[in-house]
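An overview of the molecular structure
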Amino acid sequence: MDKKIILGIETSCDETAAAVVDSGTKIISNIVASQASLHATFGGIVPEVASRQHILAISTVINAAMSEAEMKINDLDGIAVTYGPGLAGSLLVGLNAAKGLSFGSSVPLLPVNHLEGHVYATWLNESNKLEEIDFPLLCLIVSGGHTDLALMSAHGQFKLINRTRDDAAGEAFDKAARVLGLGYPGGPEIQKAAEKAKGTEKPFPRPKVKNSNDFSFSGLKTSLIQRAVDKRIYPREDDTCVDSELVNEISFAFQEAVVDTLVDRTLKVASELSVKGIIVSGGVAANSCLRSRIEEKSPLPVVMPKPALCTDNGAMIASAGYFKFKELPLTKWDLDILPGLRIGEQGF
Ligand code: KG4
Ligand code: ZN
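This write-up is about the structure you can find in this document.

A full pass over the atoms with the stated rule returns 19 salt bridges. Residue glutamate 48 is joined to arginine 52 by a salt bridge in which the shortest nitrogen-to-oxygen separation is 2.8 Å. Taken together, the residues span about one helical turn, with glutamate 48 and arginine 52 both in helix α2 (residues 47-68) at a distance of 4 residues. Residues arginine 293 and glutamate 256 are paired through a salt bridge, measuring 3.0 Å at the closest nitrogen-oxygen approach. Residue arginine 293 is found in helix α9 (residues 288-297), and its partner glutamate 256 is found in helix α8 (residues 244-273); the two are separated by 37 residues along the sequence. An identical accessibility class is assigned to arginine 293 and glutamate 256; each is buried. Linked through salt bridges whose partners overlap, the residues forming this network are Asp167, Glu171, Lys175 and Lys221.

The following block contains the structure:
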């Protein structure tokens, strides 16, 4: 039997996470310690707070994943870890923990690109439509730091096609939520507010980049700020928001503009590249409006991880590690973190 039981470790942003996955598809254990409430008091992630929190949590999280899987380190065939992209101080904690475990046990270390991890969360679905779809696939990866369209031609083979020129979609949701006086992370808060709206607010313009399929969300953010200023809900004296109906309506209009832009651009690129299917992944892929809109409008099959696996977790890293290194396990002791790594790049 080839290598199959992989421990995945993820600390690129504000979740300390570890999971044990069998054959890249079956979750045996999955532990996520979120720092969201810690960062909520600041309205966003504070990098130094994040890395210190990873230091405090990492051993407990890895131990919990191993004990829930009822396994010892030597039962593993590989230790997959995110080495980029992400926050430098946060990445260092996970990578060093993984190196230590690998060094002490001789279990191979498998370096994983976080963005490729998001795509592989799709392989963790219980009933997997992917078995019926061939490559090439177009992957929309929408997270707090990225909005990428990547062509996946085979397992572990990615090519970046389009990206955001400025803010990522998740970042736009987080900033919009802050302007509207909603909590952090902003995406789920905007979604909740939008669900209560009647759709009475004037639509926001759909952002476009001239002669390109790239994304751009900073202009939309400026329009939202302008609208909030005009309606006298921003800036506020304190954090409490007075007119929650108006906030719901603006949230709805904003979410519609982001979702329409993501869906239209993805379907356009998918048709230009003649792919066989579409994967939507990353934290923003948990958005129910995005999920239903793309399924409704796409002529091609669309696959998404279940919402709980869209945001950062160790299982997606274990799955990516399994598929990428199935044939050739790799241990690279001088591996460094790569905070600016792009999808499709290895960087070493
Ligand atoms: O992938 P992720 O967990 O971390 C990064 O790699 O960045 O994504 C986090 C992002 C945040 O910006 C958060 O607001 C957004 O995903 N997000 C959502 C939803 N859930 C999380 N955005 C829209 N709707 C949601 N339901
Ligand atoms: Zn992520």
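Still more ground to cover, so stick around.
In this section: the site of ligand 1. Taken together, 19 residues sit near ligand 1, with His118, Gly144, Asp174, Gly187 and Gln191 positioned nearest. For ligand 1, an oxygen atom lies 3.1 Å from a polar atom in the backbone of glycine 170. With respect to ligand 1, the side chain of asparagine 287 contributes an N or O atom lying 3.0 Å from a nitrogen atom. Contact with the protein chains removes 90% of the 550 Å² of surface that ligand 1 exposes when unbound. With respect to the detected pockets, ligand 1 is housed in the largest pocket. Put simply, the parts of the chain that give the shell around ligand 1 at least two residues each are α4 (114-120), α5 (169-179) and α6 (186-195). In terms of residue count, α6 provides more of the shell around ligand 1 than any other element does, 4 residues in total. Residue composition of the shell around ligand 1, by class: 5 nonpolar, 12 polar and 2 charged.

So, how was this worked out
- Residues numbered from 1 in each chain as written.
- Chains lettered and ligands numbered in written order.
- Predicted model: local features only at pLDDT ≥ 70, side-chain atom pairs only at ≥ 80, totals over all residues.
- Heavy atoms only, no water.
- Salt bridge = Lys/Arg side-chain N within 4 Å of Asp/Glu carboxyl O.
- Helix = DSSP H or I, 4+ residues; strand = E, 2+ residues; numbered from the N terminus.
- Buried < 20%, exposed > 50% of the residue type's maximum accessible area, 1.4 Å probe, protein only.
- Near = heavy atom within 4 Å.
- Polar contact = N/O pair within 3.5 Å; in protein donor to acceptor, adjacent residues only side chain to side chain.
- Areas by Shrake-Rupley, 256 points an atom, 1.4 Å probe, with all protein chains shown as cover.
- 1 Å grid on protein atoms, 1.4 Å probe; cavity = no way out; pocket = protein on both sides within 12 Å on 5 of 7 lines; lining within 4 Å.
- Sits in = over half its atoms within 2 Å of the grid points.
- Nonpolar A, V, L, I, M, F, W, Y, C, P; charged D, E, K, R; others polar.

What is shown is where atoms sit, not what they do.
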